Amino acid sequence: MKIETVGVIGMGQMGKGIAEVFATAGYHVIGHDSDRSSRSSVLQAIRYDFDRLVEKKRVDASTADKASKRITLANEIFELKSCDLIVEAATEDEDTKKEIFSSLEPILKDETILTTNTSSISITRLAAATNRPSKFMGLHFMNPVGLMKLVELVRGIATNDETFDIVKDVVFRLGKTYSVSQDFPAFIVNRILMPMINEAIYCLYEGVGNVHNIDMSMKLGANHRMGPLELADFIGLDTCLSIMNVLHEGLGDTKYRPCPLLVKYVEAGWLGLKTKKGFYDYSTTPPEPTR
């Protein structure tokens, strides 16, 4: 099966980035988001992203122009009926994802492959809620999608070899490297990364250090490009909490219990960079720690 048209569902930060890398690799991309009012802003953001790539000399102007024209946005889900591959990149909520796949079932071709960009939810469980579990798998991109080279490939218990081989070839065409993870909560990257971030939040919660000192310690002491609290803001504190909940519930170990301070920040709507406030206040330049 040849993949030519790719549907991306959920055009937030991750979905937009996924659409851009597919378009740059020559695929025709049809994006869809439940928020119809965001259509014009998404297209503007995509154009801006490609202009930035040209400025930084990562792509030439002709390549960027052609790639941006390969991305269209659909108002209705049925407009994705011609897609050969679907990448679901909606919010990290299992019920939401299942609803999306259920709405796709009546319109897709029998051979269409379904993938999810979930960072933690069971692939087998999501696949079982569809009419094609053998053609379903995890395709987890890292953030920011355009810069990060890794994609995690996760097979559900029913994923067949043909589906895995096709998706693996797609990753090669995107110019990415893949790792293969078993279908355990949070897979490889977030199984390791999120407990580290959660522990950094515990250090803040318990007064071991303030935001500045925790992040500086890990950047200069462990040679991390970003401190764990800055990274949490970048990922989104709601996403961090969701992944920690999946780890805690799925593995049943108290070491994965989300820090109460993380819960409070999410309850306050302080979700990080996307809300301009998290462990840092992004209304100032440079951002100021909130603790």
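Residues numbered from 1 in each chain as written. Predicted model: local features only at pLDDT ≥ 70, side-chain atom pairs only at ≥ 80, totals over all residues. Heavy atoms only, no water.

**Observations regarding unusual backbone geometry**
For step 1, the next point in the chain: Between asparagine 143 and the following residue, proline 144, the backbone shows a cis peptide bond with an omega angle of 0 degrees.
For step 2, the next point in the chain: With respect to the helices and strands, proline 144 occurs in the loop between strand 6 (136-141) and strand 7 (150-155).
For step 3, the next point in the chain: With an omega of -5 degrees, the peptide bond running from threonine 285 to proline 286 counts as cis.
For step 4, the next point in the chain: Locating proline 286 in the fold gives a position in the loop between strand 9 (280-281) and strand 10 (288-289).
For step 5, the next point in the chain: Even without being a glycine, asparagine 223 presents a positive backbone phi close to 60 degrees.
For step 6, the next point in the chain: Structurally, asparagine 223 can be placed in the loop between helix 8 (211-221) and helix 9 (228-235). (Helix = DSSP H or I, 4+ residues; strand = E, 2+ residues; numbered from the N terminus.)

**Some remarks on the packing of helix 10 (residues 237-251) against helix 11 (residues 260-267)**
For step 1, the next point in the chain: Running from N to C, helix 10 and helix 11 cross one another at 135 degrees; their axes reach a closest spacing of 9 Å. Comparing the axis directions of helix 10 and helix 11 gives the class oblique. The handedness of the crossing between helix 10 and helix 11 comes out as left-handed. From helix 10, Leu237, Asp238, Cys240 and Leu241 reach across to helix 11, where they touch Leu262, Val263, Tyr265 and Val266.
For step 2, the next point in the chain: Here the residues of the contact of helix 10 with helix 11 sort into 7 nonpolar, no polar and 1 charged. (Axes fitted to C-alpha atoms, helices over the stretch in contact; angles between N-to-C directions. Parallel < 35°, antiparallel > 145°, perpendicular 65-115°, else oblique. Left-handed = near helix turned anticlockwise from the far one by under 90°. Contact = heavy atoms within 4.5 Å. Nonpolar A, V, L, I, M, F, W, Y, C, P; charged D, E, K, R; others polar.)

**A few points about empty space enclosed by the protein**
For step 1, the next point in the chain: Tallied over the full model, the rule gives 1 cavity of 30 Å³ or more.
For step 2, the next point in the chain: Surrounding the largest cavity, Met11, Gly31, His32, Asp33, Asp35, Arg36, Ser38, Arg39, Val42, Leu73, Ala74 and Asn75 form its lining.
For step 3, the next point in the chain: Looking at the lining of the largest cavity, the elements that each hand over two or more residues are strand 2 (28-32), helix 2 (39-55) and strand 3 (71-74).
For step 4, the next point in the chain: Tallied by class, the residues present in the lining of the largest cavity amount to 4 nonpolar, 4 polar and 4 charged. (1 Å grid on protein atoms, 1.4 Å probe; cavity = no way out; pocket = protein on both sides within 12 Å on 5 of 7 lines; lining within 4 Å. Points joined across faces, edges and corners; volume = space filled by probe spheres on them.)

**Overview of the environment of serine 34**
For step 1, the next point in the chain: With respect to the element layout, serine 34 can be found in the loop between strand 2 and helix 2.
For step 2, the next point in the chain: Along the backbone, serine 34 and serine 283 are 249 residues apart, and their C-alpha atoms lie at a distance of 28 Å.

**Details of the sheet that holds strand 5 (residues 113-116)**
For step 1, the next point in the chain: Strand order in the open sheet formed by 8 strands is 3-2-1-4-5-6-7-8, with mixed pairing between adjacent strands. Unpaired on one side and paired on the other, strand 3 and strand 8 (177-181) mark the two borders of the sheet. With strand direction ignored, the average angle separating the axes of adjacent strands in the sheet is 25 degrees.
For step 2, the next point in the chain: Each of strand 1 (5-9), strand 4 (85-88), strand 5 and strand 6 is contacted by helix 4 (residues 94-104), which is oriented at about 165 degrees to strand 5, the strand it contacts most. (Pairing = 2+ DSSP bridges.)

**Details of helix 8**
For step 1, the next point in the chain: All of the buried residues along helix 8 are Val211, Ile214 and Asp215. The buried residues of helix 8 occupy one face: seen down the axis, they fall within an arc of 90 degrees. In helix 8, the exposed positions that point more than 90 degrees away from the buried face belong to Leu220 and Gly221.
For step 2, the next point in the chain: For helix 8, the secondary structure elements touched by its buried residues are helix 7 (189-205), helix 9, strand 9 and strand 10.
For step 3, the next point in the chain: Asparagine 223 occupies a position one or two residues after helix 8 and carries a positive phi of about 60 degrees. (Buried < 20%, exposed > 50% of the residue type's maximum accessible area, 1.4 Å probe, protein only. Arc of directions from axis to C-beta.)

**Considering the layout of surface pockets**
For step 1, the next point in the chain: Considering only enclosed or pocket space, the second largest pocket measures out at about 270 Å³ in volume.
For step 2, the next point in the chain: What lines the second largest pocket is a set of 15 residues, among which Glu94, Ile121, Arg125, Val246 and Glu249 lie closest to the centre.
For step 3, the next point in the chain: Looking at the lining of the second largest pocket element by element, the count peaks at 5 residues for helix 10.
For step 4, the next point in the chain: In the lining of the second largest pocket, the residues fall into 4 nonpolar, 5 polar and 6 charged.

**Considerations on the packing of helix 7 against helix 9**
For step 1, the next point in the chain: Remark: helix 7 packs on helix 9, axes separated minimally by 9 Å, with the N-to-C direction vectors making an angle of 115 degrees. For helix 7 against helix 9, the interelement crossing comes out left-handed. Of the residues in helix 9, those touching helix 7 at Leu193, Met194, Met196, Ile197, Ala200, Ile201 and Leu204 are Pro228, Leu229, Leu231, Ala232 and Ile235.
For step 2, the next point in the chain: Tallied by class, residues from the contact of helix 7 with helix 9 come to 12 nonpolar, no polar and no charged.

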